[in-house]
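A structural walkthrough
This is what each chain is made of:
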Amino acid sequence: INNELPTAGDLLDNIAKQDTISPNCWNIGESLEYTVDNLAGKQVTVSVIDKKSNSIIMVGTLQEGVSSPPALTVNVIGSGSVIKDPDLPSYSYGTDVTLTATAESGWIFDHWEGDLTGNTNPASITIDSTKTVTAVFLELFTLDVDVSPEGQGIVILSPSGGTYADGTSVELTADGIPGWTFDHWSGDVPTDSEYDNPLTFTLDADKSLIA
């Protein structure tokens, strides 16, 4: 920092210097403040040494522009909630925090954004700086597919099931039993796709189709 560093003893308050039992010793709760000019770089390691006793008082890190402990902000897109464990207003550097996303009824957790990515749930994040994480929830839609009473056959859904998250791509394949053949789709069919087989579309609302 400069060539004229003070000794730790020089910065003690008068009570510590005049202590009759242990003069020039630290008192509980006493702090050391020293102005640092022209901090080179964003982060440096600093040692506080008492030259008189040739002993290390403190070893720590100075980080430019950091005046408070790092925090973790969690936002939500969609309908759901996130539990932080531990749930604190700020954290010590290096703390691991577990985030658990819980969707509301009719929604499903999809993925994390921001300083945490992927879709692992629960997920862990290490607080080495102030972090912001967003949990993305998607609405669930129902897809009903029936075979017309006037014909006989089956419809295969891929992926299988009948409830899907918003934005899921679904493929429907119609197959008639012997003596029957697929003709067309009716109902909530995408424009100009009523004769497609297989039929592929992106689910963005509840749908009902008939083969």
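Here's a quick rundown of the structure. (Residues numbered from 1 in each chain as written. Predicted model: local features only at pLDDT ≥ 70, side-chain atom pairs only at ≥ 80, totals over all residues. Heavy atoms only, no water.)

On to the overall build of the protein. Within the protein, the secondary structure is distributed over 1 helix and 14 strands. Taken across its 211 residues, the protein has 24% of its residues classed as buried. In the protein, 49% of the contacts between residues at least 6 apart in sequence involve partners at least 24 apart. If you sum the accessible surface of the protein, you get close to 13,500 Å²; carbon and sulfur atoms cover 48% of it. (Helix = DSSP H or I, 4+ residues; strand = E, 2+ residues; numbered from the N terminus. Buried < 20%, exposed > 50% of the residue type's maximum accessible area, 1.4 Å probe, protein only. Contact = heavy atoms within 4.5 Å. Areas by Shrake-Rupley, 256 points an atom, 1.4 Å probe, with all protein chains shown as cover.)

Moving on to the pairing of strand β13 (residues 199-202). Here β13 shows a clear split, with Leu199 and Phe201 buried on one side and none of Thr200 and Thr202 buried on the other. Alignment of strand β11 (residues 169-176) against β13, held across 4 bridges, turns out to be antiparallel. Bridged to Val170 within β13 is Phe201. (Pairing = 2+ DSSP bridges.)

By size, the foremost hydrophobic cluster in this structure holds 15 residues, and its most contacted members are Leu143, Leu172, Trp185, Leu199, Phe201 and Leu209. Of all elements in the fold, only β8 (131-146), β11 and β13 reach the threshold of two or more residues within this core. Within the second largest apolar cluster, 14 residues are counted, among which are Leu72, Val97, Ala123 and Val133. (Core = buried A, V, L, I, M, F, W, Y, C linked by side-chain atoms within 4.5 Å.)

A word on the packing of aromatic side chains. Summed over the entire model, instances satisfying the criterion amount to 3 aromatic pairs. Considering the side-chain rings of Phe109 and Trp112, the 4.9 Å spacing of their centres and the 55° angle between planes classify their relative orientation as tilted. With 5.1 Å between their ring centres and 55° between their planes, Phe182 and Trp185 make a pair best called tilted. Through pairs of rings, three or more aromatic residues link up here, namely Phe109, Trp112 and Phe137. (Phe/Tyr/Trp six-rings, centres within 6.5 Å; stacked < 30°, edge-to-face > 60°.)

This part covers the sheet that holds strand β4 (residues 80-85). With respect to topology, 3 strands assemble into an open sheet ordered β4-β5-β7, the strand pairing being antiparallel. Where the open sheet ends on each side, the last strands, each with one partner, are β4 and β7 (123-127). Across this sheet, the average inter-strand angle for adjacent strands is 30°, counted without regard to direction. In this structure, strand β5 (residues 95-103) lies alongside β7, joined through 5 bridges in antiparallel fashion. Considered in β7, the bridge of Val97 is made with Ile125. (Axes fitted to C-alpha atoms, helices over the stretch in contact; angles between N-to-C directions.)

Here the focus is the sheet that holds strand β9 (residues 153-158). Pairing is antiparallel in the open sheet, where 3 strands are placed in the order β9-β11-β13. The open sheet has two edge strands with one neighbour each: β9 and β13. Ignoring which end each strand starts from, the neighbouring axes of this sheet average 20° apart. The pairing of β9 with β11 spans 6 bridges and is classified as antiparallel. When the sheet's bridge partners are listed, Leu157 is paired in β11 with Leu172.

Now for a nonpolar patch on the surface. A grouping of Ile49, Ile56 and Val59 is seen on the molecular surface, where their side chains present a nonpolar patch of about 280 Å² in accessible area. Within the element layout of this structure, Ile49 appears in strand β1 (residues 43-50). Taking the relative accessible area as the measure of exposure, Ile49 reaches 39% and is therefore partly exposed. (Patch = residues over 30% accessible without salt bridge, like charges linked within 9 Å, V, L, I, M, F, W, Y side chains within 5 Å. Salt bridge = Lys/Arg side-chain N within 4 Å of Asp/Glu carboxyl O.)

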